[in-house]
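# Fold and geometry: a report
Listed below, chain by chain, are the residues.
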Amino acid sequence: MGYAHDYAAAIMRRGRVPMPPADFVPNWADGPRKTKFYPGADTVPLPGHTVPPGATVGRGLAPDDDGPERPFDLPALSGMLRDSYGLTGRRLGVQANTDLDALPFHPLANWSRGTASGGGLYPVSVYWVSGPSGPLPPGVHYYATRHHAMQRLLSGDVSGEVREALGDPASAGERAAGTDQFLVLGVKYWQNAFKYNSFSFHAVTMDVGTVVQTWRIWARSQGLGIEPLMWFDERRIARLLGVRTEDEGVFAVVPLRWRGARARPAPPAGTATVRRRDVERSRTVLTFDAVRGMQEATEEHAARRPAAAALAPAAAPVPDRALPAVPLPAPLPLDTDVRTALRDRRSSFGRFDARRPLSAEHLASCLAAAATGASLGGDTGTGTTRIAGLYAFVGHTEGIAPGTYAYDPAAHTLRLVKAGPPGTFLQKNYFLANYNLEQTGAVLVPTVRTGAVLDTVGDRGYRIANAVVGAISQSVYTAASALGIGCGVALGFDNVSYSEELGLERTGESPLLIMMLGSERPAPADFRHEIA
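Fair warning: this is a prediction, and the values are worked out from it, not measured in the lab. (Residues numbered from 1 in each chain as written. Predicted model: local features only at pLDDT ≥ 70, side-chain atom pairs only at ≥ 80, totals over all residues. Heavy atoms only, no water.)

## Considerations on the sheet that holds strand β17 (residues 526-530)
Sheet architecture is open: three strands sit in the order β3-β2-β17, paired in antiparallel fashion. Each edge of the sheet is formed by a strand with only one pairing partner; in this case those strands are β3 (111-112) and β17. Taken together, the five bridges between strand β2 (residues 89-93) and β17 define a ladder with antiparallel strand orientation. Paired with glycine 93 across the bridge in β17 is aspartate 526. (Pairing = 2+ DSSP bridges. Helix = DSSP H or I, 4+ residues; strand = E, 2+ residues; numbered from the N terminus.)

## Notes on the pairing of strand β8 (residues 248-255)
Side-chain direction in a regular strand flips from residue to residue, so the side chains alternate between the two faces of the sheet. Most of β8 is tucked away: eight of the eight residues are buried. Taken together, the seven bridges between strand β7 (residues 181-188) and β8 define a ladder with antiparallel strand orientation. Bridged to lysine 188 within β8 is glutamate 248. (Buried < 20%, exposed > 50% of the residue type's maximum accessible area, 1.4 Å probe, protein only.)

## Quick look at the domain arrangement of the protein chain
Domain annotation of the protein chain identifies domain 1 (37-89 + 112-300) and domain 2 (312-518). Taken over C-alpha atoms, the centre of domain 1 sits 27 Å from the centre of domain 2. Taken together, the contact pairs 49 residues of domain 1 with 40 residues of domain 2. When the two sides are added together, the surface that domain 1 and domain 2 hide from each other amounts to roughly 3,700 Å², 60% of it contributed by carbon and sulfur. (Domains from an automatic or database assignment. Contact = heavy atoms within 4.5 Å. Buried area = accessible area lost by both parts, 1.4 Å probe.)

## Overview of the UniProt feature "domain: Nitroreductase" (unreviewed entry) in the protein chain
Those residues carrying the UniProt feature "domain: Nitroreductase" (unreviewed entry) are residues 343-518 in this numbering. Across residues 343-518, helical content stands at 35% and strand content at 22%; the span's end C-alpha atoms are separated by 19 Å. (UniProt positions renumbered as here; feature names shortened; annotations may be inferred.)

## Structural notes on the packing of helix α12 (residues 360-373) against helix α15 (residues 461-483)
Remark: α12 packs on α15, axes separated minimally by 8 Å, with the N-to-C direction vectors making an angle of 145°. For the crossing formed where α12 meets α15, the hand is right-handed. Packed against α12, whose contacting residues are His362, Ser365, Cys366, Ala369, Ala370 and Gly373, the element α15 presents Val468, Ala471, Ile472, Ser475, Val476, Ala479, Ala480 and Leu483 at the interface. Of the residues that constitute the contact of α12 with α15, the class distribution is ten nonpolar, four polar and no charged. (Axes fitted to C-alpha atoms, helices over the stretch in contact; angles between N-to-C directions. Left-handed = near helix turned anticlockwise from the far one by under 90°. Nonpolar A, V, L, I, M, F, W, Y, C, P; charged D, E, K, R; others polar.)

## Brief notes about the packing of aromatic side chains
Considering all chains together, one arrives at 21 aromatic pairs under this definition. Measuring from ring centre to ring centre gives 6.2 Å for tryptophan 190 and phenylalanine 194, while their planes differ by 65°; the resulting arrangement is edge-to-face. With a gap of four residues between them, tryptophan 190 and phenylalanine 194 both fall in helix α7 (residues 190-196), about one helical turn apart. Both rings, one in tyrosine 196 and one in phenylalanine 199, keep their centres 6.1 Å apart while their planes meet at 75°; by these two values the pair is edge-to-face. Here phenylalanine 199 falls in the buried class, since its relative accessible area comes to 9%. (Phe/Tyr/Trp six-rings, centres within 6.5 Å; stacked < 30°, edge-to-face > 60°.)

## A look at the environment of alanine 29
Along the polypeptide, alanine 29 turns up in the loop between α1 (3-13) and β1 (43-45). Note: C-alpha distance between alanine 29 and serine 282 (253 residues apart in sequence) is 8.7 Å.

## Details of the pairing of strand β6 (residues 149-155)
In terms of burial, β6 is a largely internal element, six of the seven residues being buried. Looking at chain direction, β1 and β6 are connected through three bridges and run antiparallel. Bridge pairing in β6 places proline 45 opposite alanine 149. Of the pairings in the sheet, the one linking strand β5 (residues 139-144) to β6 comprises six bridges and is antiparallel in character. Each residue of the ladder has a partner; that of tyrosine 142, found in β6, is glutamine 151. From the end of β5 to the start of β6, which pair antiparallel, there are four residues, and histidine 148 there has a positive phi angle of about 45°.

## Some words on the pattern of salt bridges
Counting across every chain of the model gives 27 salt bridges. Put simply, glutamate 69 and arginine 257 hold a salt bridge, and the shortest N to O gap is 3.0 Å. With glutamate 69 in the loop between α2 (57-61) and α3 (74-84) and arginine 257 in the loop between β8 and α10 (289-299), the pair connects residues that are 188 residues apart, well separated along the chain. Its relative accessible area of 26% is what places glutamate 69 among the partly exposed residues. A salt bridge links glutamate 164 to arginine 236, with the shortest nitrogen-to-oxygen separation between them at 2.9 Å. (Salt bridge = Lys/Arg side-chain N within 4 Å of Asp/Glu carboxyl O.)

## A word on helix α9 (residues 234-241)
Within α9, six of the eight residues are buried, which leaves the element mostly enclosed by the surrounding structure. Here α9 has its buried residues at Glu234, Arg236, Ile237, Ala238, Leu240 and Leu241. Downstream of α9 by a residue or two, glycine 242 has a phi angle that is positive, lying close to 75°.

## Details of unusual backbone geometry
Both trends apply: most residues other than glycine have a negative phi, and most peptide bonds are in trans. With an omega dihedral of 0°, the bond running from proline 20 to proline 21 counts as a cis peptide bond. Looking at where proline 21 falls in the secondary structure, it is placed in the loop between α1 and β1. Non-glycine residue histidine 412 carries a positive phi angle of around 50°. Mapped onto the elements, histidine 412 comes out in the loop between β11 (403-408) and β12 (413-419).

## A few points about helix α14 (residues 450-457)
Within α14, the full set of buried residues consists of Thr450, Ala452, Val453, Leu454 and Val457. Contacts from the buried residues of α14 go to α1, β13 (442-448), α15 and β15 (510-511). Downstream of α14 by a residue or two, glycine 458 has a phi angle that is positive, lying close to 90°.

## Things to note about the sheet that holds β7
Judged by pairing direction, the sheet is antiparallel, and its six strands sit side by side in the order β1-β6-β5-β4-β7-β8 without closing on themselves. Two strands bound the open sheet, and with one partner strand each, they are β1 and β8. Geometrically, the sheet is characterised by an average inter-axis angle of 30° between neighbouring strands, direction not taken into account. Relative to strand β4 (residues 124-130), α3 is tilted by about 175°, and along the sheet it contacts β4, β5, β6 and β7.

## A closer look at the nonpolar core
Residues Phe72, Trp215, Leu363, Leu414 and Leu517 are the most contacted members of the largest nonpolar core, which totals 116 residues. Top element by residues in this core is α15. It accounts for 14 residues. Counting residues domain by domain, this core receives three or more from each of domain 1 (37-89 + 112-300) and domain 2 (312-518). (Core = buried A, V, L, I, M, F, W, Y, C linked by side-chain atoms within 4.5 Å.)

## Description of the side chain of serine 475
Assignment of secondary structure puts serine 475 in helix α15. Residue serine 475 is classed as buried on the basis of its relative accessible area of 0%. Those residues in contact with serine 475 that sit more than four places away from it in its chain are Leu61, Gln213, Ile217, Ala369 and Gly373.

Now the structure itself:
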């Protein structure tokens, strides 16, 4: 068993046994920027993009099909980046989160984005490695979220370097073999670790999943395709980007189907590397043994891509069909356009109001969205093997008795695990003061047999397991936004208590996230200013 097993066990116990350093306090005054900073880099503003008719959330959350796929162009790439990770507006509101007193001050402003992020920290770096088929001079570009622009870090065609790092073309897929356009996702650890220390690796791996799933929803809605690759020579790509993997892990490569693109040769070995360096704001940058250990463990065999069905032994268990069944209504059509839903997405932070119960149709729609989000595609193996289970604590939902349920996605049915209102259990085992879980309509809990995933594909499987959970949360957030209901996602709960309450010891499932759904109090005191 590798280091990731120990880390996963520590994550599960952290509500009872704090992860070291137990006495850590963030130095907010010396925190990092929420983006990388490359002074002097040429900056190219990205164009606007109009979402075509029919680009709805429902189409974006529909399962993959074999229909014709449009190629990307610069406006489409620009629109996807803006709607996912770009800054779209400033928000203030009277709500229950602990940062409320800081938000009115401009340096600490809360800028909204379409994608969720643990702690609102947004540590994912997006790079565009573009070959000659692209609209800009070939090179490596960094997506500057605050300016919605590309910053050129390196000039010259290095797309072949990325392709060779992806390994065997047959297993990397058709997109990788036939394109010279790639998006690369890195995570600068200090952008999250300054606040969450050893826990940060757990959080940022979910952040990668939220980004990828936003892209998949956005692209599907418009006839485009996104398939992430998570197995590749990580050190080779890090060297190309000019980063040390101890500081910034490289988590995913996304090949883009592009008009006129074709495979290009790699430059001579060791000659291509970004020489510009990110300038850090923090005077003191700390490292944490657990984060460094997980980076080393998950990087070690990163180029050994497993077979497509390798995750089969780690599949989520099928809910016990002997448990009482509660049929669900058909999911509602999510006909809100994808841009509007992403712009409207936000966390409810204490606004839930049980006086207006959640409808069964809304719950059914969010459960179906979560099941779709569990399939990340690409080389993750999750397109052929469902590794995520899903449970629901139902408190105030019309037509469904209060209780704890397992969701059966194949039958679109709930199975009763334990009868009775779950509100007391939920609130007792939540660490923070920003939500009253008793007031929710339902709380959804995705689970993964993390140990089995690590046993089947090695320590790098931790990244895939958590990315799937992040993707599920983004799917639920987006569906809830399209439905006009409240949603909030949190990691601050006692994982062990949830495992005991759901009887997961026998299945080996780990509850990794809670997703709260419900109606919100009317007429909130909110300020919203759109900037995009």
